[in-house]
Amino acid sequence: QDPKQNLRTNYYFIKLRFIMSTKFVANASPPANCRMAIPKKGRLYQKVADMLKGAGLEYHREDRLDVALCKDLPLTLIFLPASDIASYVGEGNVDIGITGIDCIEESEACVEKLLDLGVGKCKLSVQAPAAKNITNPEDLAGGRIVTSFPFLTKRFFDPIDEKKGVKTHVKFVSGSVEAACGLGLGDAVVDLVETGTTMRAAGLEIVADVLETQAVLIKNPQSSHKEMCDLIKRRVEGFITATRYVMLTYNISVDKLEKACAITPGKRSPTITGLDDPNYKSVSSLVLKSELNAKMDALHDVGATDILAINISNTRM
């Protein structure tokens, strides 16, 4: 054989092994790290990414890699389909994760729920063509139901089937569920509804709700990284509190203090500070952003002055 050809062949295999080994290392987690699974795409991805950034869990994700290392913590972020995360956490492949209640229920995974995140809120609903004017799910029993949630769908229809003595046929599809009725694949669908825009565009309407869902923080009950899981929970919880509340401060005369504090009780109680003028107090209290303007108006009406609303970037409660 040509020595030059052998050299080129050997170089090719050495380079291939190097590329494969570096890709493996880049897409793997250091053994001592806590592993956290988050949605890699879909309706929850951006909301979760923003939440992690606000909680100080910063990372850099290389293109086409599903693993990223947290910058200041021994934490590896693993990007997975939201529907798979509960199973990975339940089996102990990862320690902690974020996914929807619907995915947890569908997978029947044994996980510990740590925190409701308040994002990704929607409903899993039975939907049928609006033209058929179906208002009772019992009218669909024995028919064909198309869904990405076969376990939850079967659990919903089983009692109805038993009552009516029929068998509802549940067919699984991985996406574009709303198109099933129009294409003749099913008589109805069970799918997630957030705003209802996609559902209405497909000519469907809600017949019944199967489940209310939102994103939640979960962990494996036997995780060996309990302290890190607790830290992640505190950070995320602190950020959520900061996004929901503002700090309201004002001055109020002593004789009106009780009325003012009744308006702004805070999460536990307001902070009351004395002023140089013994007839006045300064009050600070957390107030929900959704109630801010109404609270400020009410404080003005009882005689409060110097009313200020201060945004909060982060908290630990």
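It should be noted that the structure appears before, not after, this text.
Rules used in this analysis
Residues numbered from 1 in each chain as written. Predicted model: local features only at pLDDT ≥ 70, side-chain atom pairs only at ≥ 80, totals over all residues. Heavy atoms only, no water. Pairing = 2+ DSSP bridges. Helix = DSSP H or I, 4+ residues; strand = E, 2+ residues; numbered from the N terminus. Salt bridge = Lys/Arg side-chain N within 4 Å of Asp/Glu carboxyl O. Buried < 20%, exposed > 50% of the residue type's maximum accessible area, 1.4 Å probe, protein only. Axes fitted to C-alpha atoms, helices over the stretch in contact; angles between N-to-C directions. Contact = heavy atoms within 4.5 Å.

**Student:** Now, about the pairing of strand 13 (residues 271-274): what can you tell me, with residues and values included?
**Tutor:** Moving residue by residue along a regular strand, the side chains alternate between the two faces of the sheet. Two strands pair when backbone bridges link them, and strand 13 and strand 14 (residues 280-288) are joined in this way by four bridges, in the antiparallel orientation. Residue pairing across strands places Gly274 opposite Lys281, the latter belonging to strand 14. Hairpin connection from strand 13 to strand 14: five residues lie between these consecutive antiparallel strands.

**Student:** For the pattern of salt bridges, give the residues involved together with the corresponding values.
**Tutor:** In total, this model carries twelve salt bridges according to the counting rule given. Between Arg235 and Asp72 there is a salt bridge, with its nearest N and O atoms 4.0 Å apart. One end of the pair, Arg235, is in helix 7 (residues 226-244); the other, Asp72, is in the loop between strand 2 (67-69) and strand 3 (75-80), and 163 residues separate them in sequence. Judged by its relative accessible area of 15%, Arg235 is buried. Given a relative accessible area of 48%, Asp72 falls into the partly exposed group. The closest approach of N and O atoms between Lys154 and Asp158, which form a salt bridge, is 3.0 Å. Taken together, the residues span about one helical turn, with Lys154 and Asp158 both in helix 5 (residues 150-164) at a distance of four residues. Each of Lys40, Arg61 and Asp66 takes part in salt bridges that share partners, so that together they form one network.

**Student:** Tell me about the sheet that holds strand 8 (residues 169-172), and name the residues and values.
**Tutor:** Taken in spatial order, the five strands make up an open sheet running 8-7-9-6-10, and their pairing is mixed. Bordering the open sheet on either side are strand 8 and strand 10 (204-213), each of which pairs with just one other strand. For this sheet, the mean inter-axis angle between neighbouring strands, taken without regard to orientation, is 25°. In this structure, strand 7 (residues 144-147) lies alongside strand 8, joined through four bridges in parallel fashion. Bridge pairing in strand 8 places Arg144 opposite His169. In the packing of helix 5 onto the sheet, the strands contacted are strand 6 (122-129), strand 7, strand 8, strand 9 (188-193) and strand 10, and the crossing angle to strand 10 comes to about 105°.

These results come straight from atomic positions and should not be treated as a statement about function.
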